[in-house]
Amino acid sequence: MSGRLLRLVCTATVAACTVLAPLPAAAVPEPEPRERSVADLLTDLQRLYREAEEATETYNATEEKLKEKRAEVTRLDTALSRARLSLHDSRGAAGRLARQQYQSSTEISPYVRLLLARDPQHALEQGHVIGQLARERAKTLGRLTGSEHRADALARKARKALDDQLTLADRQKKDRDGVRKKLDDVQELLASLTAEQLARLAEFEEKGVEKAQEELTTSGALGEVEREPSQEGGKALAYARRQLGKPYEWGAEGPKTYDCSGLTSEAWAHAGTPIPRTSQEQWARLPRIELRDLRPGDLVIYFPEATHVAIYLGRGEVIEAPRTGEKVKVSPIASHPILGAVRPDEGGQAPATEARYAPVLSGS
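Rules and cut-offs
- Residues numbered from 1 in each chain as written.
- Predicted model: local features only at pLDDT ≥ 70, side-chain atom pairs only at ≥ 80, totals over all residues.
- Heavy atoms only, no water.
- Helix = DSSP H or I, 4+ residues; strand = E, 2+ residues; numbered from the N terminus.
- Buried < 20%, exposed > 50% of the residue type's maximum accessible area, 1.4 Å probe, protein only.
- Areas by Shrake-Rupley, 256 points an atom, 1.4 Å probe, with all protein chains shown as cover.
- Pairing = 2+ DSSP bridges.

A. Quick look at the overall build of the chain. The helix and strand tally for the chain stands at eight helices and six strands. Along the chain, helices and strands appear, N-terminal first, in the series α-α-α-α-α-α-α-α-β-β-β-β-β-β. Counting the 364 residues in the chain, one finds 36% classified as buried. Summed over all atoms, the accessible surface of the chain reaches about 22200 Å², with 55% contributed by carbon and sulfur.

B. Examining the environment of Glu-72 more closely. Its location among the elements puts Glu-72 in helix H2 (residues 38-104). In this structure Glu-72 comes out as partly exposed when scored by relative accessible area, which is 27%. Each C-alpha atom, one on Glu-72 and one on Lys-157, is 9.6 Å from the other, the two residues being 85 residues apart in sequence.

C. Spotlight on the pairing of strand S4 (residues 317-320). Residues Glu-317 and Ile-319 line one face of S4 and the alternating positions Val-318 and Glu-320 line the opposite face, and both faces are buried. Inspection of the sheet shows strand S3 (residues 308-314) paired to S4 by three bridges, in the antiparallel sense. Directly across from Tyr-312, in S4, lies its bridge partner Val-318. Counting the residues in the hairpin turn of S3 and S4 gives two residues, including Arg-315, whose phi is positive at 55°. One ladder, built from four bridges, connects S4 with strand S5 (residues 329-332); its direction is antiparallel.

By themselves, these are just geometric observations and shouldn't be taken as functional.
Dropping the structure here:
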């Protein structure tokens, strides 16, 4: 190999080793941390709030099932106590029957008595009485058997209902832990933000709501006619108004604190029209209406999973229990993505004798 070629090979080898060798740690520049945009932060915060509310409604649904199961256990326990008392009475009657049968087994049979009787008619009457006693004995045995079967069936149902109650109680605890974990995630994110970031977040969110509200109202989706509430809807709305300013608390249904569906369900309960406890059940089970047909007192459901609900106030505004850290307040109807609307009193009519309805708006 010529001297010139040898020098080229050595040079190339050194260059390759230089490229492949790792740089010292101090020589690797650290990437500059990129401050997250306000839009990204708001997206994350709204997602966490939504997840917390979804977990809350799951907890509420389990709590409702648990209430129903507790009531069923109480009802079955009461019925079982009555059945056992009836069984005790039936066994007493059966004991008396057994003693009567033992005593009568040593007597002459009704047939022989009839043959030996001086007065056959009297003997026949005695036979009729004996036959009636036999039928009564058969009824007594039937009641005893029925009481035993009824008590056994109720005991099985009571045991199953109690097992279901314990299962629901365990699920409720898991749901409660799930809500608390979601709220911890919210607090963790909020704690990581500066006062300036929080102010920018609030401003950015408010502008987003204003834009969504303007788009909704100018689209004509809410209709052109301002309707009046039904008599029941007016009562529900009046109740909701009285709760303005009270704190939001997950799982709460008043009277001092509320979550979103706790407020709407209590409002309609006070109007004399009980509705399901959770926003998902309100959406699933109540009659649906178009947004253009909204009247005060109707319920507006939000998000694809139906995890938030508010009561319509009129003129494009709602009363809602928004989220942890806030209070029951009047909000634009477009504060959250709208899923649809439902009417708890589908056949309710506006009272003809009352003065025209005038909603109290947020700027009032």
